[in-house]
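Each chain, letter by letter, is given below.
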Amino acid sequence: MFELVNGMMNFMVSLFAAGSLHTAAPASADALPIPHQVPGGIALVNAGYGINPPKVTFNNQPVMVVRTDPQKPWTAIVGIPLSQKAGDATVKTGSRKTQIHISEQDYPEQHLTVSKNQVNPSKEELERINREAAQMNTIYKSFTPGKGWSPMAWPVAGPLSSQFGLRRFFNGEERNPHSGLDIAVPTGTPVMAPADGKVVLTGDFFFNGNAVFIDHGQGLISMFCHLSSIEVKEGETISAGDRLGLSGATGRATGPHLHWTISLNNARINPLLMLSPWQAPGIDDLTNTQPNGDES
């Protein structure tokens, strides 16, 4: 944990020295996400040569394919769900099958106390939750043409208050694991787009509060939750560094912070893996995460 916090602090110092998220140092042209073949991680798979990008699937979901150089093969960037079992798994490229090995990842526990209706909602609230879940699942399962991945920047500058993948217990009852990062910032902190994309969903959700969803192309979706206000509209095209809204504590939250989720081929993955190499932690920091705080 010390290494992760120390890395975060070093990045924040460099970020503030630069002046804004817009001025973060660019990544090299051939940079790819950090491969980390665990539940909630990423696998990079050689998808072969060819003029046109091959069609790649994993768990029956279409997968992002990129090429950093015409002389190099296509690379499939495969998101691995938190629910994925350790062991061998199959990535399909056309009729060809590639086996990848998923290693175990022991995520720590986090215990939170929230209002009772946020743990055991009423019938009416459950109906609302189910409607909202259907909306969000439609977005997560979508796959639009586009460039796809490019190195991301932090949407806000602040310490991590909850790590990705935590096994979460609300009022003593276990619920879904933490599928994003919580960044502790005061209410009213501007939240920036980490990469280019299109706003595909906004709204006030039961658990997520005021939230914004961005489609970055090829099944890469980012979500920003608990905002005090939203400053973009559905259908709006945005660039990296554009303001999305202001941080807050709406929805299920124990205090003001930003919850940032990244979904890739309908798999929620650790956002740290998608950061620019200038901002990302080392792989050791990803395998030694510990709970640090009490955000939702």
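Residues numbered from 1 in each chain as written. Predicted model: local features only at pLDDT ≥ 70, side-chain atom pairs only at ≥ 80, totals over all residues. Heavy atoms only, no water.

### Notes on the sheet that holds strand 4 (residues 64–66)
Turning to step 1, where the next piece is worked out: Strand order in this open sheet of three strands is 1-5-4, and the pairing throughout is antiparallel. Sheet topology places strand 1 (42–46) and strand 4 at the edges, where each strand pairs with a single neighbour. Taking the axes of each pair of neighbouring strands and ignoring which way they run, one obtains an average angle of 25° across the sheet.
Turning to step 2, where the next piece is worked out: The sheet contact formed by strand 4 and strand 5 (residues 75–79) spans three bridges and is antiparallel. In the sheet register, Val-66 faces strand 5, and the bridge partner there is Thr-75. (Pairing = 2+ DSSP bridges. Helix = DSSP H or I, 4+ residues; strand = E, 2+ residues; numbered from the N terminus. Axes fitted to C-alpha atoms, helices over the stretch in contact; angles between N-to-C directions.)

### Structural notes on the pattern of salt bridges
Pairs may arise between side chains of opposite charge once their charged atoms sit close together.
Turning to step 1, where the next piece is worked out: One pass over the structure, following the stated rule, counts two salt bridges.
Turning to step 2, where the next piece is worked out: With a shortest N-O distance of 2.7 Å, Arg-128 and Glu-132 are connected by a salt bridge. Of this pair, Arg-128 and Glu-132 both sit in helix 2 (residues 123–141), four residues apart, roughly one helical turn.
Turning to step 3, where the next piece is worked out: With a shortest N-O distance of 2.8 Å, Glu-231 and Arg-243 are connected by a salt bridge. With Glu-231 in the loop between strand 17 (229–230) and strand 18 (237–238) and Arg-243 in strand 19 (residues 243–246), this pair connects stretches of sequence that are 12 residues apart.
Turning to step 4, where the next piece is worked out: On the accessibility criterion, Arg-243 (40% relative accessible area) is partly exposed. (Salt bridge = Lys/Arg side-chain N within 4 Å of Asp/Glu carboxyl O. Buried < 20%, exposed > 50% of the residue type's maximum accessible area, 1.4 Å probe, protein only.)

### Observations regarding unusual backbone geometry
Turning to step 1, where the next piece is worked out: Even without being glycine, Asn-60 reaches a positive phi, approximately 65°.
Turning to step 2, where the next piece is worked out: Examined against the element boundaries, Asn-60 turns out to sit in the loop between strand 2 (56–58) and strand 3 (61–62).
Turning to step 3, where the next piece is worked out: By relative accessible area, which is 74% here, Asn-60 ends up exposed.
Turning to step 4, where the next piece is worked out: Unlike most non-glycine residues, His-226 shows phi in positive territory, near 70°.
Turning to step 5, where the next piece is worked out: In this structure, His-226 sits in strand 16 (residues 220–227).

### Points about helix 2
Turning to step 1, where the next piece is worked out: Counted at 1.5 Å a residue, the expected span for helix 2 with its 19 residues is 27 Å, and the 27 Å between its end C-alpha atoms agrees.
Turning to step 2, where the next piece is worked out: Contacts from the buried residues of helix 2 go to strand 14 (197–205), strand 15 (209–217), strand 16, strand 20 (258–264) and strand 21 (267–269). (Expected span 1.5 Å × (residues − 1). Contact = heavy atoms within 4.5 Å.)

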